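Listed below are the residues making up each chain.
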Amino acid sequence: MRFDLTDLRLFAHVHAAGSITGGAAASHMTLASASERIRAMEDSLGVPLLVRVPRGVQPTPAGHSLLQHARQLLLQVERLQADMGSYGAGLQGQVRLLCNTSAMAEHLPGVLSGFLAVHAGISVDLEERPSEEIADALRLGLCDIGLASDAADLAGLQVHPLWPDPLVLVVPRGHAWAGRAGVTLAEVAATPLVGLAEHSAFHAHLARHARRIGRRLDYRVRLRSFESVCRLVGQGIGQGIGLGIVPRSVAVRCARAAGVQRVPLAEDWAARQLVLCLRAGEALAPAAQLFVEHLLAGVAPAAVSAAPVRRRRPLS
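A few points on the structure. (Residues numbered from 1 in each chain as written. Predicted model: local features only at pLDDT ≥ 70, side-chain atom pairs only at ≥ 80, totals over all residues. Heavy atoms only, no water.)

**As for the sheet that holds strand β5 (residues 145-149)**
Right, on to step 1. Pairing within the open sheet is mixed, and its 5 strands lie in the order β4-β3-β5-β12-β6. In this open sheet, the two strands that pair with only one neighbour each are β4 (122-128) and β6 (157-164). Sheet twist, expressed as the mean angle between neighbouring strand axes with direction ignored, is 25°.
Right, on to step 2. Here 7 bridges tie β6 to strand β12 (residues 273-279), and the two strands are oriented antiparallel to one another. When the sheet's bridge partners are listed, W163 is paired in β12 with L274.
Right, on to step 3. Of the strands in this sheet, β3 (93-99), β5, β6 and β12 are in contact with helix α6 (residues 131-139), which crosses β5 at around 150°. (Pairing = 2+ DSSP bridges. Helix = DSSP H or I, 4+ residues; strand = E, 2+ residues; numbered from the N terminus. Axes fitted to C-alpha atoms, helices over the stretch in contact; angles between N-to-C directions. Contact = heavy atoms within 4.5 Å.)

This is how it looks when you write it as structure tokens:
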């Protein structure tokens, strides 16, 4: 059995992309070269590592085992390179970060700009995912750090509170629901909505909770940002364009300019908080550790203490 680091990186990229084509592109090699390397790995082991599915490939049980070892080896190499780099041109490295839509839109821009300005030799590989997928990706070692909602199943992960992030319904000023103490998702599902794009993590999050109550949300239009949702909802008074679900911080910030009012979403899963998630019992690579320290240093104490967070453990 003879593998090199290029083989291991390719296999990790194929798994992350869900296809050999995507893995080849991420590894900067041709599809033919990538396919040949995968075949050589399978021949060396004597077992198939990937199985074809309708939209690409998935690892076999042997492939999952190889993936776990590959991640550990690649992480060790990254740590070695980062440590050695600190003696030369400065610490080098990459942070693999997954976050949900709310973190991406409301909180990360300022955090990222400050971090990247200070650490010129570090890059951040950032991807938006639903919170449940972020937790799964962390458990599988597909990312270093996750920013997710504490409403997701975070069992087995280190969890550290960041920012309150409850969801609210935004309605035009003067709407019949304005001033209500709360509204349920079942009520919301009975009215037209303005929402985010179908591929967004936030859309997937709401759709999942609607399915749990046997409903489907009715979107009249999908937009690219929470701000756009608020603006269109605010223009809809008397026209019946639709209502929207957004994080409370967005509704507060956009209330005056967009002409909307917020109504609490009366669901337990909507009373959420954004949290930092890490794999339990594993030391972070130097670049990821620096990002975590930068992130936690910038979180206001009031935000940290605003709500309890389940399964909190000390940062290792």
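Past the structure itself, the notes keep going.
**So, the pattern of salt bridges**
Right, on to step 1. What the rule picks out here adds up to 11 salt bridges.
Right, on to step 2. A salt bridge links E127 to R129; the nearest nitrogen and oxygen atoms lie 2.8 Å apart.
Right, on to step 3. For E127, a relative accessible area of 36% gives the class partly exposed.
Right, on to step 4. Residue E227 is joined to R253 by a salt bridge in which the shortest nitrogen-to-oxygen separation is 2.8 Å. With E227 in helix α9 (residues 226-234) and R253 in helix α10 (residues 248-258), this pair connects stretches of sequence that are 26 residues apart. (Salt bridge = Lys/Arg side-chain N within 4 Å of Asp/Glu carboxyl O. Buried < 20%, exposed > 50% of the residue type's maximum accessible area, 1.4 Å probe, protein only.)

**Observations concerning the state of the cysteines**
Right, on to step 1. A full pass over the atoms with the stated rule returns 0 disulfides.
Right, on to step 2. In this structure C254 is a free cysteine whose sulfur lies 4.5 Å from that of C230, the closest cysteine sulfur available. (Disulfide = S-S within 2.5 Å.)

**Some points on the sheet that holds strand β11 (residues 260-264)**
Right, on to step 1. Spatial ordering of the open sheet is given by β10-β7-β11, a layout of 3 strands whose pairing is antiparallel. The open sheet has two edge strands, β10 (244-247) and β11, and neither has a second partner. With direction set aside, neighbouring strand axes in the sheet form an average angle of 45°.
Right, on to step 2. Inspection of the sheet shows strand β7 (residues 167-172) paired to β11 by 5 bridges, in the antiparallel sense. Within β11, the residue paired with L169 across the bridge is V263.
Right, on to step 3. Seen against the sheet, helix α8 (residues 201-212) touches β7 and β10 and runs at an angle of roughly 115° to β10.

**So, α9**
Right, on to step 1. Among the 9 residues that make up α9, 7 are buried, leaving the element largely enclosed by the rest of the structure.
Right, on to step 2. The set of residues buried in α9 consists of F226, E227, S228, V229, C230, V233 and G234.

**Regarding the environment of A270**
Right, on to step 1. For A270, the location among the structural elements is in the loop between β11 and β12.
Right, on to step 2. C-alpha separation for the pair A270 and L206, spaced 64 residues apart in sequence, amounts to 9.7 Å.
Right, on to step 3. Apart from residues no more than four positions distant in its own chain, A270 is found in contact with D165, P166, L167 and L265.

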